[in-house]
Amino acid sequence: MIAGTIGGRRNRQARRACQNTTTALAAAAESFAMPLTSGAYTHTGQYFVRFRVGTPAQRFVLVADTGSDLTWVKCGGGGKRRLFRPEKSVSFDPIRCSSDMCKTSLPFSLTTCPSPASPCAYNYRYSDGSTAQGIFATESATVMLSNGQKAKLKGLIVGCTSSFGGSSFRSSDGVLGLGHSGISFASRATARFGGRFSYCLVDHLSPRNVSSYLTFGPNGALFPSAARETELLMEPRLAPFYSVGVSGISVDGEVLKIPMSVWDVGRRGGAILDSGTSLTVLVEPAYEAVVSALSRRLAGVSRVDVDPFEYCYNWTAGAKVRIPKLVVHLHGPARLEPPAKSYVIDVADGVKCIGFASAPWPGVSTIGNILQQEHLWEFDIKNRRLRFQRSTCAR
């Protein structure tokens, strides 16, 4: 990488020829999409998107994550996964640690600067304790437009990760940052394509050959007459997470007794949507109310012990038991009514568990990807609206 940087004069000349704007094709097309699949085949609770970065394009499989804003690919760290080769990309341009961007605009950038020419380095930390270390650069990505043509998205902030910690990234080549911030892929792409992005998460246990799409720009599969809508909250305190206003949760029509402060960002509560987290995590007052209501109605089914869940059941014996209906009531008339398999989840043959985890209060609750599955979600960044509807995610 160092050798490529020192000898980059020739590359910079090539970059000047392709800077400034996206291609005319990008201006003419309304949207682009990337294939999106469940990571169940890798035994992870993530969703993967196919991503092409660099010039010429190098292909990678990244975690689609609305809970972070840095897009990065592995440039080192060993293992058998693909590695990005920055020296083979004429559009790779490291950001200097002496630059204003490094000093003021980039999250988790390190304050030490060995020399003005040194690249801007990061130590990015995730809420689950995972970390990624590397350098920031500007780079290009290749996308497939809705008119069937390819185009380049230029000037993207991309991390070149040389080392990482934790188990979150062992099965992928990096992360596609979809959170709200000035550096995220979502903010850069939506600024050029309709101010919105959407995704449909297939069943989290789907095999590798079942896919849907992550779409930037208008999505023809979203029907206004069928979609529910609520305000998309982009609270600075919770950045880069997207949050939603929750008014309550009901089980079989019974509105549970959960303090409203649990959903109030101003009182150190709130609820976020995170495609990079599998289970839905509720702070203690909400968790206790939801799990108690569900377990009370499943009391006739014999229980089994499965970590890390509190309530699991031998479903061979309880196959004919009706699963209670859970509804998350959002601000306005919007109601998230997930299928039963999204909250009483399959964890083994003949075993189901109440699929929630608890978090300390005060704190923020997380609507994870399992509760989001088999819904089409549209994040309208421009108008700050969240729209969603039930869907098979078939294309």
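Residues numbered from 1 in each chain as written. Predicted model: local features only at pLDDT ≥ 70, side-chain atom pairs only at ≥ 80, totals over all residues. Heavy atoms only, no water.

### Considering the packing of aromatic side chains
Stage number 1. Counted under the stated rule, the structure contains 20 aromatic pairs.
Stage number 2. Aromatic side chains Phe 197 and Tyr 242 sit 6.1 Å apart centroid to centroid with 55° between the ring planes, which places their arrangement in the tilted category. Taken together, the positions of Phe 197 in strand β10 (residues 196-200) and Tyr 242 in strand β13 (residues 242-244) put the pair 45 residues apart, joining distant regions of the chain.
Stage number 3. Phe 197 gets classed as buried once you look at its relative accessible area, which sits at 0%.
Stage number 4. For the ring pair Tyr 313 and Trp 315, a centre distance of 6.3 Å and an interplane angle of 75° mean the geometry is edge-to-face. The same class applies to Tyr 313 and to Trp 315, which are both buried. (Phe/Tyr/Trp six-rings, centres within 6.5 Å; stacked < 30°, edge-to-face > 60°. Helix = DSSP H or I, 4+ residues; strand = E, 2+ residues; numbered from the N terminus. Buried < 20%, exposed > 50% of the residue type's maximum accessible area, 1.4 Å probe, protein only.)

### Examining the pairing of strand β22 (residues 344-348)
Stage number 1. Both β22 and strand β23 (residues 351-354) contribute to a ladder of 4 bridges, which runs antiparallel. Bridge pairing in β23 links Asp 346 to Lys 352.
Stage number 2. Hairpin geometry of β22 and β23 is characterised by an intervening segment of 2 residues between the two adjacent antiparallel strands and by a positive phi of about 75° at Gly 350. (Pairing = 2+ DSSP bridges.)

### Section: the sheet that holds strand β20 (residues 326-330)
The strands making up a sheet are joined through hydrogen bonds of the backbone, oriented either antiparallel or parallel.
Stage number 1. Sheet architecture is open: 4 strands sit in the order β15-β14-β20-β21, paired in antiparallel fashion. Across the chains shown, the open sheet's two edge strands, defined by having one partner strand only, are β15 (254-255) and β21 (335-336).
Stage number 2. When β20 meets β21, the two strands line up antiparallel, connected through 2 bridges. Within the sheet, the bridge partner assigned to His 329 lies in β21 and is Arg 335.
Stage number 3. Its contacts with the sheet place helix α6 (residues 284-297) against β14 (246-251), β15 and β20, and it is angled at close to 15° to β14. (Contact = heavy atoms within 4.5 Å. Axes fitted to C-alpha atoms, helices over the stretch in contact; angles between N-to-C directions.)

### Structural notes on the nonpolar core
Stage number 1. Counting 86 residues, the largest nonpolar core has Phe 32, Phe 185, Phe 197, Phe 216 and Phe 379 as the members making the most contacts within it.
Stage number 2. With 7 residues, the single largest contributor to this core is α6.
Stage number 3. Setting aside residues up to four positions removed in sequence, Phe 185 forms contacts with Phe 32, Met 34, Phe 51, Asp 69, Thr 71, Ala 141, Leu 153, Leu 156, Leu 176, Gly 177, Leu 178 and Phe 216.
Stage number 4. Judged by nonpolar contacts, the second largest core, of 19 residues, contains Trp 72, Cys 102, Tyr 122 and Ile 157. (Core = buried A, V, L, I, M, F, W, Y, C linked by side-chain atoms within 4.5 Å.)

### Quick notes on the sheet that holds strand β18 (residues 303-304)
Stage number 1. Spatially, β18-β19-β23-β22 is the arrangement adopted by the 4 strands of the open sheet, whose pairing is antiparallel. With partners counted over all chains shown, the strands left at the sheet margins are β18 and β22, one partner each.
Stage number 2. Inspection of the sheet shows β18 paired to strand β19 (residues 312-314) by 2 bridges, in the antiparallel sense. Residue pairing in the sheet places Arg 303 in a bridge with Tyr 313 of β19.

### With respect to α6
Stage number 1. Between its terminal C-alpha atoms α6 stretches 20 Å, which fits the 20 Å expected from 14 residues at 1.5 Å a residue.
Stage number 2. If you check which residues of α6 are buried, you get Ala 286, Tyr 287, Ala 289, Val 290, Val 291, Ala 293, Leu 294 and Ser 295. (Expected span 1.5 Å × (residues − 1).)

### As for the UniProt feature "active site" (unreviewed entry) in the protein chain
Stage number 1. UniProt's feature table lists "active site" (unreviewed entry) at Asp 65 and Asp 274, given in the numbering used throughout. The annotated residues occupy 210 residues of the chain but converge on a single region, no pair of C-alpha atoms lying more than 6.8 Å apart.
Stage number 2. Secondary-structure assignment places Asp 65 in strand β3 (residues 58-65).
Stage number 3. Every residue in contact with Asp 65, bar those within four places of it in the chain, is listed here: Tyr 126, Val 175, Leu 176, Gly 177, Leu 178, Gly 179, Asp 274, Ser 275 and Gly 276. (UniProt positions renumbered as here; feature names shortened; annotations may be inferred.)

### Points about the state of the cysteines
Stage number 1. Overall, the coordinates contain 4 disulfides when judged by the stated rule.
Stage number 2. Across a sulfur-sulfur distance of 2.1 Å, Cys 200 and Cys 393 are joined as a disulfide pair. Between Cys 200 and Cys 393 the disulfide shows an S-S torsion of about -75°. By sign, it is left-handed. Note that Cys 200 is positioned in strand β10 and Cys 393 in the segment after β27 (385-390), a separation of 193 residues in sequence. One exposure class covers both Cys 200 and Cys 393, and it is buried.
Stage number 3. Between the sulfur of Cys 312 and that of Cys 353 lies a disulfide, 2.0 Å long from S to S. With the S-S bond torsion at 105°, the cross-link from Cys 312 to Cys 353 turns out right-handed. (Disulfide = S-S within 2.5 Å.)

### Looking at the confidence of the model for the protein chain
Stage number 1. Here the protein chain averages 90 in pLDDT, while 90% of its residues score no lower than 70.
Stage number 2. Every residue in residues 1-28 is under pLDDT 50, and counting partners more than four places away or in other chains gives 28 contacts. (pLDDT = per-residue confidence, 0-100.)

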